[in-house]
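Coordinate analysis (summary)
Each chain, letter by letter, is given below.
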Amino acid sequence: MSQITLTFPDGNSKQVDAGITPAEVAQGIAPSLAKKAISATVNGAHYDLQWPITDDAAIAINTMQDDAPALELIRHDLAHIMARAVQAIWPDVKVTIGPVRDFGWFYDFDREEPFTPEDLGEIEAKMKEIINARDAVTTEVWSRADAIAHYEKTGEPYKIELINRIPEGEDLRMYWHGDWQDLCRGPHLQSTGQVPADAFKLTHVAGAYWLGDSSRPMLQRIYGVGFRNRNDLKAHMTMLEEAAKRDHRKLGREMDLYHMQEEAPGQVFWHPNGWTIYTELQDYMRRKQRANGYVEVNTPQVVDRKLWEASGHWEKYQDHMFIVEVDEEHAREKAVNALKPMNCPCHVQIFNQGLKSYRDLPLRMAEFGSCNRYEPSGALHGIMRVRGFTQDDGHIFCAEDQIESETLRYIEFLSGIYHDLGFENFKVKFSDRPETRAGSDEVWDKAEEALLSATRKAGIEPQLNPGEGAFYGPKLEFVLTDAIGRDWQCGTHQVDFVLPERLDATYIGADGEKHRPVMLHRATLGSFERFIGILIEEHAGKLPIWLAPRQVVVASIVSDTDDYCREVVTALKAAGVRAEADLRNEKINYKVREHSLAKVPYILACGMKEVEERTVSVRRLGEKQTFGSSLEDIVARLGREATPPDLRRD
RNA sequence: GCCGCACUAGCUCAGCUGGUAGAGCAUCGCAUUCGUAAUGCGGAGGUCAGGGGUUCGAAUCCCUUGUGCGGCACCA
């Protein structure tokens, strides 16, 4: 038998027979290690202890002390154990796939009856039984024919479909957890007994399409979370509870920002408090855009279908548009219009007015464009995914050789804004050409290269989102995360070669000939609705003072201070601060509690002492300690703090 | 749109196997003038999401519509 060389993490190496398994390697080092071992890392790949090693390799034996492999294996084995438990209780249930995900795993089943919360309890109990039985986990490579024959016999059509999708020539691996078997690429633990029996929980059931395809059957997906020990599980549950407190839907009600109601699903009724945030953000964006060389425009809400047909949206998105038909009795002719779902076709109309020169490019056109999209009912989510929204939209009309510099300029613009708004960490995803697309490969090459190069020049290495670009060009997505870790695309920057063509936009080049401009679609906040939702969750409602709808409450302690409180409010307002007096006949404790819960950044309490000294007692949100300040100082200080970041002088 | 679950006072929630609706907070009134997260007492407030059915009787059981929630699919 041939020999191979294994190199260990400490740098030592050893000659062994080819085909040795990590389990045997561990046994050779120490029987105690072999017992504790859960898997191996072989040349950087995660290896099952039972897989043979055939060539020279760097090897490390993993134990439960190694975070990443331990969690992956625990969750993966839990997925199998759960599927085994389900089939033990309901033998007719068909199994499909069950990958590791986030803090746990899920497994999709095909079963007539829905799983109930009680079922989850029963499954959990069965899983604990399986874990406590400490069954060995074993594996073998099977032939395709044997695997298909096996699943035909046991009646698992989904598994057969999976096998048929695995590329010819790739090994099919079968795993046994005791007497239950599943097709799986592994790796797995040595025994079900290595899974902590008290550190997992089945969290919820949900529908999911087979293979993620909405034309295929809807399966039942059970989600679970799993950890190395009970404390980690508890910490995770606590984290979820904390996150729920940051939910913008809960805070939106508590802070009286907005409401929604049945008659206008997916549309926001902004209350004075919420609208203050909105307009403050909009004013800020308007100043930033103006300073960055944009011209602002405004375009119609209701536009004839002819324009949408020309732009191509009618064909592709008609079902997602609000259609408005005007009756003949009220109009000269029957007209079919749509509420605009986006602003770009209208912006091209403005571009097309008059003859444009290459000297006009790049032309940066911005609009706070109100759009309506008939989003599928199941997609609606608070104010983050709505049917009526306003984008901080913009289109840059430029020449092809300006794409890169305009992209870089935009990324820097966006980064500055995200920084001002408290988002230091955001993901940048780069979506390249999809399978069905418009334009030549040569043009796509150039556009993708320009976006990537600009992103890297901005010091960002984007995550690749293969094939997810729009049909008309590649895009960059700027992604923020909500309270419970769900990603939301906010900013976007897309190259478009198609729309200028379809709507016949041209400019006269230096050569005196007509040329097609390229359009860059870009939005920084995305929509005000979604961005405000994210902002609330990011700050847990404690917005930066310049965005806080109610910035200061001046609270009287006794009614003899009322006049003084009014004077303080007047002084603050004159300094540009949103201040109000709370002169109600309530105890200061009551007022502090109420305004703290309402997330007001500053409470200024005034008793007779403050009146006599012309001071205030300052309490900042989230701090127990108060401090005294002269009236003059606090007005100057709060006036400064409440200034939007782009207007600050210090 | 699809699967599942939910909908009771402005808010948060009780209401067992069907017997005719309840609490706390908020609101309103009265008293209280008080030093940094809830002062006391009293009053008012509900077609139990809408519609239909079963039943002597429905918040409770069934059907249906709507909205919301958790996923999936979608996101120009």
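Once that is clear, we can look at the overall build of chain A. Helix and strand counts for chain A come out as 20 helices and 33 strands. Expressed as lengths along the three principal axes of its C-alpha atoms, the size of chain A is roughly 90 × 75 × 60 Å. Taken across its 650 residues, chain A has 51% of its residues classed as buried. Counting contacts in chain A only where the partners sit at least 6 residues apart, residues at least 24 apart contribute 68% of the total. With an accessible surface of roughly 31300 Å², chain A has 48% of that area assigned to carbon and sulfur atoms. Of the side chains in chain A, 78 bear a positive and 103 a negative charge, and the two mean positions are spaced by 4 Å.

Tracing the backbone through its elements, the reader meets P52 in the loop between β4 (45-47) and β5 (57-62). Assessed through its relative accessible area of 40%, P52 is described here as partly exposed. Along the primary structure P52 and P22 are separated by 30 residues, whereas in three dimensions their C-alpha atoms are 7.3 Å apart. When neighbours within four sequence positions are excluded, P52 is seen to be in contact with G19, I20, T21 and Y47.

What follows concerns the nonpolar core. Among the nonpolar cores identified, the biggest contains 57 residues, and L281, Y418, L421, F478 and F531 are the most heavily contacted of them. With residues near it in sequence (within four places) discarded, F531 still touches L281, Y418, L421, F423, L480, C490 and L525.

Attention now goes to the pattern of salt bridges. Enumeration according to the criterion identifies 42 salt bridges in this entry. Among the salt bridges present, the one from R433 reaches E448, with a minimum N-O distance of 2.9 Å. Of this pair, R433 sits in the loop between β22 (427-431) and α14 (441-457) while E448 sits in helix α14, placing them 15 residues apart in sequence. A relative accessible area of 11% places E448 in the buried class. A salt bridge links E580 to R550; the nearest nitrogen and oxygen atoms lie 3.0 Å apart. Remark: R550 occurs in the loop between α16 (528-538) and β29 (552-556) and E580 occurs in strand β30 (residues 579-582); sequence separation between them is 30 residues. Put simply, R433, R437, D441, D445 and E448 are held in one network by salt bridges that share partners.

In space, the three strands of this open sheet follow the order β17-β19-β18, with antiparallel pairing throughout. Edge positions in the sheet fall to β17 (302-304) and β18 (323-326), since each has one partner strand and no second. Between one strand and the next, the sheet's axes are offset by a mean angle of 40°, whatever the strand orientation. Here β18 runs beside strand β19 (residues 335-339); their pairing, made up of four bridges, is antiparallel. In the sheet register, V324 faces β19, and the bridge partner there is N337.

One way to say it: the disulfide is the covalent bond shared by the sulfur atoms of two cysteines. As enumerated under the stated definition, the model contains zero disulfides in all. C371 forms no disulfide, and the closest cysteine sulfur to it belongs to C344, at a distance of 8.5 Å.

So, on to helix α4 (residues 117-132). Taking 1.5 Å as the rise per residue, α4 with 16 residues should run 22 Å; its terminal C-alpha atoms sit 23 Å apart, in good agreement. Residues of α4 that are buried make contact with α3 (67-89), β8 (104-110), β12 (200-209) and β13 (218-226). One or two steps after α4, the chain reaches R134, where phi turns positive at roughly 50°.

Turning to α3, a few remarks are in order. Spanning 23 residues, α3 covers 32 Å between terminal C-alpha atoms, matching the ideal 33 Å at 1.5 Å per step. The element α3 is extensively covered by neighbouring structure, given that 18 of its 23 residues are classed as buried.

This brings us to the sheet that holds strand β10 (residues 172-177). On the basis of which strands lie adjacent, the open sheet formed by three strands has the order β9-β10-β11 and antiparallel pairing. Each of the sheet's edge strands pairs with one partner strand only, and the pair in question is β9 (137-142) and β11 (180-183). Taking the axes of each pair of neighbouring strands and ignoring which way they run, one obtains an average angle of 25° across the sheet. Alignment of β10 against β11, held across four bridges, turns out to be antiparallel. The residue of β11 that forms the bridge with H177 is W180. Across the sheet, α3 lies against β9, β10 and β11, angled at about 125° from β11, the strand it touches most.

Below, the discussion takes up the confidence of the model for chain A. Mean pLDDT over chain A stands at 95; residues scoring 70 or higher make up 99%. Among the scores for the predicted complex, ipTM is 0.95 and pTM is 0.95.

Quick look at the protein's contact with RNA strand B now. The environment of RNA strand B is made up of 55 residues, and the closest members are N585, R593, E610, S617 and R619. Atoms of RNA strand B within 4 Å of the protein: sugar and phosphate make up 50%, bases the balance. Between RNA strand B and Y317, the relevant distance is 3.0 Å, taken from a sugar or linking oxygen to a side-chain nitrogen or oxygen of the residue. For the surface near RNA strand B, the secondary-structure elements that each account for two or more residues are β12, β13, α8 (248-254), α11 (313-317), α18 (588-597), α19 (608-613) and β32 (615-620). The greatest single-element share of the surface near RNA strand B, amounting to seven residues, is contributed by α18. Class assignment of the residues belonging to the surface near RNA strand B gives a composition of 22 nonpolar, 17 polar and 16 charged.

Definitions and limits used
Residues numbered from 1 in each chain as written. Chains lettered and ligands numbered in written order. Predicted model: local features only at pLDDT ≥ 70, side-chain atom pairs only at ≥ 80, totals over all residues. Heavy atoms only, no water. Helix = DSSP H or I, 4+ residues; strand = E, 2+ residues; numbered from the N terminus. Buried < 20%, exposed > 50% of the residue type's maximum accessible area, 1.4 Å probe, protein only. Contact = heavy atoms within 4.5 Å. Areas by Shrake-Rupley, 256 points an atom, 1.4 Å probe, with all protein chains shown as cover. Lys, Arg positive; Asp, Glu negative; His and termini not counted. Charge placed at Lys NZ, Arg CZ, Asp CG, Glu CD. Core = buried A, V, L, I, M, F, W, Y, C linked by side-chain atoms within 4.5 Å. Salt bridge = Lys/Arg side-chain N within 4 Å of Asp/Glu carboxyl O. Pairing = 2+ DSSP bridges. Axes fitted to C-alpha atoms, helices over the stretch in contact; angles between N-to-C directions. Disulfide = S-S within 2.5 Å. Expected span 1.5 Å × (residues − 1). pLDDT = per-residue confidence, 0-100. Near = heavy atom within 4 Å. Polar contact = N/O pair within 3.5 Å; in protein donor to acceptor, adjacent residues only side chain to side chain. Nonpolar A, V, L, I, M, F, W, Y, C, P; charged D, E, K, R; others polar.

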